[in-house]
Amino acid sequence: MLLYPPMKDLLKNVPSRYMLVNVVAHRAREISSESERTKIPLTEKAVTLAIREVADGELKVEEPQEDAAEQ
């Protein structure tokens, strides 16, 4: 089974795999909720759409800076 898009491409926009899982899950819930609210059916699964957004660079996450958290 091949993973598309490749993990290395996804990790260009998200600093870690753990963060990737959280970002994709959060965005997938938003997509699903929006679909229910607007009554527009999704053409693909919400997770697939969220992963594609990360791969296309539409969703980017930066690592929180530790200095700001310590102050």
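Calculation rules
Residues numbered from 1 in each chain as written. Predicted model: local features only at pLDDT ≥ 70, side-chain atom pairs only at ≥ 80, totals over all residues. Heavy atoms only, no water. Salt bridge = Lys/Arg side-chain N within 4 Å of Asp/Glu carboxyl O. Helix = DSSP H or I, 4+ residues; strand = E, 2+ residues; numbered from the N terminus. Buried < 20%, exposed > 50% of the residue type's maximum accessible area, 1.4 Å probe, protein only.

Draft legend 1. Fine view of the pattern of salt bridges. With the rule as written, the count across this model stands at 4 salt bridges. A salt bridge links Glu30 to Arg27; the shortest N-O distance between them is 3.2 Å. Taken together, the positions of Glu30 and Arg27, both in helix 2 (residues 17-38) and 3 residues apart, correspond to about one turn of that helix. On the accessibility criterion, Glu30 (36% relative accessible area) is partly exposed. Overall, the relative accessible area of 18% leaves Arg27 in the buried class. When the shortest N-O distance is used, the salt bridge between Glu53 and Arg27 registers 2.7 Å. Placement of Glu53 in helix 3 (residues 46-55) and of Arg27 in helix 2 is noted, with a sequence separation of 26 residues between them. Just as Glu53 is buried, Arg27 falls in that class too.

It is worth stressing that arrangement in space is one thing and function is another; only the former is reported here.
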